[in-house]
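Observations on chain architecture
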Amino acid sequence: MAALILWGHALAALAFGLLALDALRRQGLGSGASAGAGAARNGLTVACILTALWALAVAGIGADDVAARLGEALRNLVWLAVLLALVRRGRSGSIALYAVYLVAATITAAAGLLAILDTLPLARDALAAIAVLRLIAAMLAAVAGLMLAHQVAVSGGSRPAGPAVRVAIALGGMWGVDLLVAMLGYGLATVPPAAIALRGFVVTGVALVLATRRSARSLAVSHGIVLRFVSIAAVLLYAAFTILLTRIAEHYAGSTVRIVQTAIVLGATTALMTLLSTPWLRAWLKVKVAKNFFRHRYDYRAEWQRFTATLGTPGAGADPLDLRIVRAIADLTGSPAGVLLEPDGSGLAPGAAWHWHEAGTADAALRDHLAASARIVELDQVRRGAAPAEEAAAIPHWISDHAEAWALVPLIHNTSLIGVILLARPPYERPLDWEDLDLLRVAGRQAASYLAEDRAHAALADAARFDEFNRRFAFIIHDIKNLVSGLSLVARNAERHADNPAFRADMVETLKESAARMNALLARLSQHHRATPEPLQPVDLADLALRLAAGRRAQHPVRVAGQGTALARPGRLEQLLGHLLQNAIEASPIAATIDLVAGTTGDGAYIEVIDAGCGMSAAFVRDQLFRPFASSKPAGFGIGAYEARQLAEEMGGRLDVASREGEGTRFRLTLPAAPALEHAA
């Protein structure tokens, strides 16, 4: 406890010393101040110096030493002079008030004189009487100081952040703890060391209150720090009161003192835990601290950091964005619950809910009103009949009849209503003021931008899936068109060759192959289809060409020549050659033969598809042949050559074309030769 007394008063001395240095610096920089302002400033400097010296005396010598007691009296006299200068500066004084100041100064001076008399070599009874009188004078001086500080605070109530009110609040804390110490000393015949230690830390807090200015270069204490300090001070005062009760019980409880003291401690502890766990008390304390210590209700920097942190915490295990938005908006005003109402076809429908149950719907009237006005609706005004008529008419009954429904916050993005958040009533009931409305309006727009961006990302993801589906569908439509063309040729040829058994056998095989290819196309079109990539492997080009030619015999005459082995993916290679062969069939006269020629070169193997059809111009080959959806055929899709080149490049090959209008076309697919690739591997 001695260490706490030392550290608490040493910190107080340091804090008031810094305040005094700052005041001296400001006096050196300031010029042209009025007489009243100069007197208050000079008095404040002297008061800070004397308070620092008093705290040093308590820390270094002891609270019972005459130097500390005289320092306390001188400190109080100068602080009374500071209050008087503030009263005269504000022209709020009267004869009666000046008389109270005179009485307070007299009592304070008497307490200092009694401290001196207490050091004289007098009889024990006389010294005891002087000690009692000194404590009574200290209590009266503290009470008078509290009354005068309250008068200054009330007279400056129109400027809650003004220096006069700040000084009054600070002195109220200092004289309040002085009153507690004097009361304990009078009731217990000695001051508990815990109370003296508490006074040092309270006076340090007083210095922090005095240091809080609107100037950007001065010390600024956040709402959170003041709230914690007030909470700690209240808990310490509560503990001091409990100690006082136990000491009183020690003198008057007789033989049951231990039982009474135990009951006091247990009861006080239970009551304290109950109070600390009450949401209403925390909300009430937060509101009162903001109202009496600060110009603004909210610490906007801290609130905005918490708001953005709540919104911007995605990842595994995190709540969905719409639920985080509801919680972030509710946390701003201390609301214990909220629900998001989202626009739908008929009005507003319930979405994400945070500690809210059984939300209903709202019709288009509320949606249209909030979208047009962007107005935050205070539901208590609606219930009192103080809201605009069109607004009151738009509120559904399930909201107005819900006693805990407190406010409706529209989420506006640009000019669109993204949603509406219904907030529950905070534990400490209070009306919405301009600060609440401004903060909720800005936060609502920020939350709306997050929600709009999230919905835009979802829409883009859906569009990407549709794009992928459309791309696959375009390729598959092309393949279906090839199948239909092949079956049409089979049907036409059947009219002439139906009596030929060999043709009928080829036709059956063609139909089976076409059905298998259609089933494969349907599987590729499915969104659950995930094709297993084929490995590169040696493929006999001549054997593949013969199989393709056999499958097309019922459609068109195809001739195969040459040989070669390439490293390719068999399924992809067959698909690629099928595109080229179908294009050749469609471009050739019915009786014209199409050639499939395989061979090898120095760097690989190749297979050519040669037709004697209509051919293509050089400009078309250069500019449009390998572009999707560009075709020289009236009913063509322009997909075959584009997909053929993609498939060739996937297998490490290349596709070249030579064509002349009226003479035909030669496609050459070049792939790595199997022996060359195996040697390289």
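Our structure is the block above this text.
Definitions and limits used
- Every residue gets a number counted from 1 within its own chain, in the order that chain's sequence is written.
- Only residues with pLDDT of at least 70 are given local features in this predicted model, and only at 80 or more are side-chain atom pairs given and counted; all residues enter the totals for whole chains, interfaces and linings.
- Note: side-chain values were computed over all heavy atoms of the structure, leaving out hydrogens and water.
- A run of H or I in DSSP counts as a helix once it spans at least four residues, and a run of E counts as a strand once it spans at least two, with each numbered from the N terminus.
- Here a residue-residue contact requires only that any non-hydrogen atoms of the pair lie within 4.5 Å.
- The protein chains shown are the only cover counted for residues, whose accessible areas, like all others here, come from Shrake-Rupley with a 1.4 Å probe.
- Three exposure classes are used, based on accessible area relative to the maximum for each residue type with a 1.4 Å probe and protein chains only: buried under 20%, partly exposed in between, and exposed over 50%.
- Should DSSP find at least two bridges between two strands, the strands are regarded as paired.
- Here an angle of 0 to 180 degrees is reported between the N-to-C directions of two axes, which are lines fitted to C-alpha atoms, with helices fitted over the stretch in contact.
- As used in this record, nonpolar core signifies buried Ala, Val, Leu, Ile, Met, Phe, Trp, Tyr and Cys residues forming a set joined through side-chain atoms within 4.5 Å.
- An expected span of 1.5 Å times one less than the residue number is assigned to each helix.
- By definition in this entry, angles of less than 35 degrees are roughly parallel, angles greater than 145 are roughly antiparallel, angles of 65 to 115 are roughly perpendicular, and the rest are oblique.
- Note on convention: near helix rotated counterclockwise from far helix by under a right angle means a left-handed crossing. Clockwise means right-handed.
- N or O atoms closer than or at 3.5 Å make up a polar contact, with two conditions inside protein: a donor-capable atom paired with an acceptor-capable one, and, for residues adjacent in sequence, both atoms drawn from side chains.
- When a carboxyl oxygen of Asp or Glu is within 4 Å of a side-chain nitrogen of Lys or Arg, the pair counts as a salt bridge.
- When the centres of two rings from Phe, Tyr and Trp lie within 6.5 Å, Trp using its six-membered ring, the rings pair. Their planes under 30 degrees apart give stacked, over 60 give edge-to-face, and anything left gives tilted.
- Charge-over-ring placement is defined geometrically: NZ (Lys) or CZ (Arg) within 6 Å of the ring centre, and within 35 degrees of the ring normal.

Regarding its fold elements, the protein presents 23 helices and 13 strands. Taking all contacts inside the protein whose residues are at least 6 apart in sequence as the whole, residues at least 24 apart take part in 68%. Accessible area for the protein stands at about 34,600 Å²; split by element, carbon and sulfur atoms hold 62% of it.

Looking at the element boundaries, Val 597 is found in strand E10 (residues 594-601). Along the chain, Val 597 and Ala 542 lie 55 residues apart, while their C-alpha atoms are 7.9 Å from each other. Ignoring any residue separated from it by four or fewer positions in sequence, one finds Val 597 in contact with Ala 561, Tyr 606, Ile 607, Glu 608 and Ile 610.

By secondary structure assignment, the location of His 369 is in helix H13 (residues 364-373). A residue is classified by how much of its surface remains accessible, and His 369, at 16% relative accessible area, is buried. Among residues more than four places away in sequence, those in contact with His 369 are Ala 374, Glu 390 and Glu 391.

If you walk across this open sheet you meet the six strands as E3-E2-E1-E6-E5-E4, and the pairing is antiparallel. Of all strands in the sheet, those with a lone pairing partner are strand E3 (362-363) and strand E4 (377-378), marking the two edges. Looking at chain direction, strand E5 (residues 405-413) and strand E6 (residues 416-424) are connected through eight bridges and run antiparallel. Paired with Leu 408 across the bridge in E6 is Leu 422. Contacts between helix H12 (residues 321-333) and the sheet are confined to strand E1 (338-344), strand E2 (347-354), E5 and E6, with E2 contributing the most and set at about 80° to the helix.

The strand order across the open sheet formed by five strands is E8-E10-E11-E13-E12, and the pairing between neighbours is mixed. The strands lining the two open edges of the sheet, one partner per strand, are strand E8 (558-562) and strand E12 (654-660). Here the average twist between neighbouring strands, direction ignored, is 15°. Bridge analysis of E8 against E10 gives five bridges, and the strand direction is parallel. Residue pairing across strands places Gly 562 opposite Ala 598, the latter belonging to E10.

Within the largest apolar cluster, 43 residues are counted, with the highest numbers of intra-cluster contacts made by Phe 16, Trp 79, Leu 83, Val 167 and Leu 210. For this core, the secondary structure elements donating two or more residues are helix H1 (2-29), helix H2 (35-60), helix H3 (66-90), helix H4 (95-117), helix H5 (124-155), helix H6 (163-188) and helix H7 (193-211). If we skip the residues at most four places from it in the chain, Leu 83 touches Tyr 101, Leu 148, Ala 149, Val 152, Val 167, Leu 171 and Trp 175.

Further remarks concern H7. Helix length check: H7 (19 residues) gives 28 Å between terminal C-alpha atoms against 27 Å at 1.5 Å per residue, within 8%. The buried fraction of H7 amounts to 15 of the 19 residues, a majority that puts the element mostly inside the structure.

Time to look at the packing of helix H19 (residues 541-551) against helix H20 (residues 570-587). Contact geometry of H19 with H20 gives a least axis separation of 11 Å together with a crossing angle of 50°. Judged by the angle between their axes, H19 and H20 are oblique. Viewed along their axes, H19 and H20 form a crossing whose handedness is right-handed. Packed against H19, whose contacting residues are Leu 541, Leu 544, Arg 547 and Leu 548, the element H20 presents Leu 573, Glu 574, Leu 577 and Leu 581 at the interface.

Let us now look at H19. Listing the buried residues of H19 in full gives Leu 541, Ala 542, Leu 544, Ala 545, Leu 548, Ala 549 and Gly 551. Between a side-chain oxygen at the N-terminus of H19 and the backbone nitrogen of Ala 542 the separation is 3.1 Å; the capping residue is Asp 540.

What follows concerns the environment of Ala 498. For Ala 498, the location among the structural elements is in the loop between helix H17 (434-497) and helix H18 (501-525). Residue Ala 498 is classed as partly exposed on the basis of its relative accessible area, which comes to 35%. The residues contacting Ala 498, other than those within four sequence positions of it, are Phe 503 and Arg 504.

Here Thr 665 is to be found in strand E13 (residues 664-671). Residue classification places Thr 665 among the buried positions, given a relative accessible area of 6%. A polar contact of 2.8 Å, which involves the side chain of Thr 665, links it to the side chain of Ser 659.

What follows is about the pattern of salt bridges. Side-chain pairing between opposite charges can occur once the charged atoms of the two side chains come close. Under the criterion given, the structure shown has 18 salt bridges. For the salt bridge of Asp 595 with Arg 559, the shortest nitrogen-to-oxygen distance reads 2.6 Å. With a gap of 36 residues between them, Asp 595 in strand E10 and Arg 559 in strand E8 connect regions that are remote in the sequence. Using a relative accessible area of 17% as the deciding quantity, one classes Asp 595 as buried. Judged by its relative accessible area of 46%, Arg 559 falls in the partly exposed class. For Glu 608, the salt bridge identified is with Arg 668, shortest N-O distance 2.8 Å. Placement of the pair is Glu 608 in strand E11 (residues 604-611) and Arg 668 in strand E13, with a sequence separation of 60 residues.

Below, the discussion takes up the packing of aromatic side chains. The tally for this structure, following the rule as stated, stands at one aromatic pair. Arranged with centres 6.5 Å apart and planes meeting at 70°, the rings of Phe 16 and Trp 79 form a pair that is edge-to-face. With Phe 16 in helix H1 and Trp 79 in helix H3, this residue pair connects regions lying 63 residues apart in the sequence. Trp 79 gets classed as buried once you look at its relative accessible area, which sits at 0%. Note that Arg 645 overlies the ring of Phe 626, its terminal NZ or CZ placed 3.7 Å from the centroid. The aromatic ring of Tyr 606 is capped on one face by Arg 668, whose charged end is 3.9 Å from the ring centroid.

Let us now look at the pairing of E13. Here E13 lies mainly inside the structure; six of its eight residues are buried. Relative to E13, E11 runs antiparallel, the two being bridged by seven bridges. What sits directly across from Asp 611, in E13, is Thr 665. In terms of strand pairing, E12 meets E13 through seven bridges, oriented antiparallel. Counterpart to Val 657 in the pairing with E13 is Phe 667. Between E12 and the antiparallel strand that follows it, E13, lie three residues; Gly 662 among them carries a positive phi value of about 85°.

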